[in-house]
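Inside the fold
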Amino acid sequence: MPDSPSKTVAETGSRQAVLPRPAARSTAPRVAVASLIGTTIEYYDFAVYGTASALVLGPAFFPSGNATVSTLAAFLTFAAAFLSRPLGVVLFGTIGDRLGRRQALVASLLLMGLATVGVGLLPTYESAGLLAPVLLVTLRLLQGVSMGGEWGGAVLLAAEHAPPGRRALYAAVPQAGPSLGFLLSSAVILPTLAIAGRDGFASGAWRVPFLLSAVLVVIGLWVRATVTESPVFSAATSGPGSGSGSSSGSSSGPGAVSRFPLGTLVTRYPGRLLLGTGAAIGGSAVYYLTIVYSLSYGPKTLGIPQNTMLTAASVGAAAGIAITLPVARLADRIGRRPVMLTGAAGCVLWAVPMYASLSSRDALVITGAYTVGLMLLALMFSPVAAFLPELFPARLRYTGASATFILANTLGGGFAPLVATWLNSQWSSPLVLGFYTGGLCLLSLLCLVALPETRGGEFEA
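Residues numbered from 1 in each chain as written. Predicted model: local features only at pLDDT ≥ 70, side-chain atom pairs only at ≥ 80, totals over all residues. Heavy atoms only, no water.

Describing the pattern of salt bridges
- Per the counting criterion, the structure on display carries 7 salt bridges.
- Where Glu 160 meets Arg 101, a salt bridge forms, and the shortest distance between an N and an O atom there is 2.9 Å. Placement of the pair is Glu 160 in helix α6 (residues 131-161) and Arg 101 in helix α4 (residues 101-121), with a sequence separation of 59 residues. Note on accessibility: Glu 160 and Arg 101 belong to one class, buried.
- Salt-bridge contacts for Arg 397 lead to Glu 160; the nearest nitrogen and oxygen are separated by 3.0 Å. With a gap of 237 residues between them, Arg 397 in helix α17 (residues 394-414) and Glu 160 in helix α6 connect regions that are remote in the sequence. Residues Arg 397 and Glu 160 agree in their burial class; the two are buried.
- Within the structure, one salt-bridge network assembled from shared partners comprises Arg 167, Arg 329, Asp 332, Arg 336 and Glu 390. (Salt bridge = Lys/Arg side-chain N within 4 Å of Asp/Glu carboxyl O. Helix = DSSP H or I, 4+ residues; strand = E, 2+ residues; numbered from the N terminus. Buried < 20%, exposed > 50% of the residue type's maximum accessible area, 1.4 Å probe, protein only.)

What about the environment of Thr 226?
- With respect to the helices, strands and loops of the structure, Thr 226 is situated in the loop between α10 (213-224) and α11 (231-238).
- Of the residues examined, Thr 226 reaches a relative accessible area of 41% and is grouped as partly exposed.
- For the pair Thr 226 and Val 31, spaced 195 residues apart in the sequence, the C-alpha separation amounts to 8.9 Å.

Quick word on the nonpolar core
- Core analysis: the largest hydrophobic core is formed by 104 residues, its most contacted members being Phe 61, Trp 151, Leu 358 and Tyr 370.
- Ranked by residues supplied to this core, first place goes to helix α13 (residues 270-302) with 15 residues.
- In contact with Phe 61, not counting residues within four places along its chain, are Leu 122, Pro 123, Thr 124, Tyr 125, Ala 132, Pro 133, Leu 136 and Trp 206. (Core = buried A, V, L, I, M, F, W, Y, C linked by side-chain atoms within 4.5 Å. Contact = heavy atoms within 4.5 Å.)

What is shown is where atoms sit, not what they do.
Pasting the structure below:
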């Protein structure tokens, strides 16, 4: 059975699958950088919205006499984008598995850019009434659709161009995009806050980071237009079993075309889909509670200065980026699971101390705790960029990798600010954040134990 955990990934593919030649070494780094630029821009857009939700979007689009209700409404729009991500998985996964990785990536980046710039141009509730939040939610849903197709395509394009024995390393390059996107958003938001002041930022300067996305998207589209299609995908579409597939969407083997890849994925690999989602769910909670929720919770509930929270999250993100590639290289040498298991166990143990640091209200203590936490997160999320795609054959790989990662992001990250807001309304202590996050990281640990090691398996077509 395709889902048997006792089998290696190499054993799940067709024995007659066509294996592509590795990409030239000069091509692979260029493709990895192009993938990184794309994920950075997409997560910049997402991070800008998350930070703006914590700072100003609640009062601007959801005015209320209760600040908590207003912020909660803004976080609901943040979660809305996660609800539309599965649609992006279906749409861009189908494009990526049938027509090519590069086409799907260009389309997803363009959609994200248009939606983000659109947010920066929206009228507020004061000037447009109910139309303002309706338009905001609509654009957020489009952002979510874009994100549903971005991650899987970016890591696949890098991984499928990678030289032998360096798949985790190359796949991890675009995986630095989420943290780089957050740092880039902070590099724009902090100076804007300093120049305009809190009142000026709330009254209109918040639009600047959204509008600047237009410049980044143009750069990203130009870079992505210069890269070649994945050699693994090209081999899969031209090799044995790469016919048109049946009208029902089933396939006779991993290399056959599926009219509806998600349906085939659910039918053939349900166990790996669920376990892969669980493996990434804890890291998603750590990421979004740290760089989104705590930016609102710290200042509004605990009285921690906004700059302190932004700085702590930025330093931690930079530390995570610094070890992303060394961690990936280690995963290429000793395996994906040992590194990810270490990160998951570390996050289970560190979750409570990390969020307990907020009670100190001390900038150095919080920054140190966040730095350790986001470095442990890197142990989980650096190898996962190769690990999740390696669980599935090439003609289902875009959909499979996207579905597992995006579902984990939705359940573990998209709803994390909402769950955390509710938890802190019941128990006024940052410790509850640690217990909640630690529980999800424990789930990831157990799922990783149940999944097979994927290093050394052929990246079959």
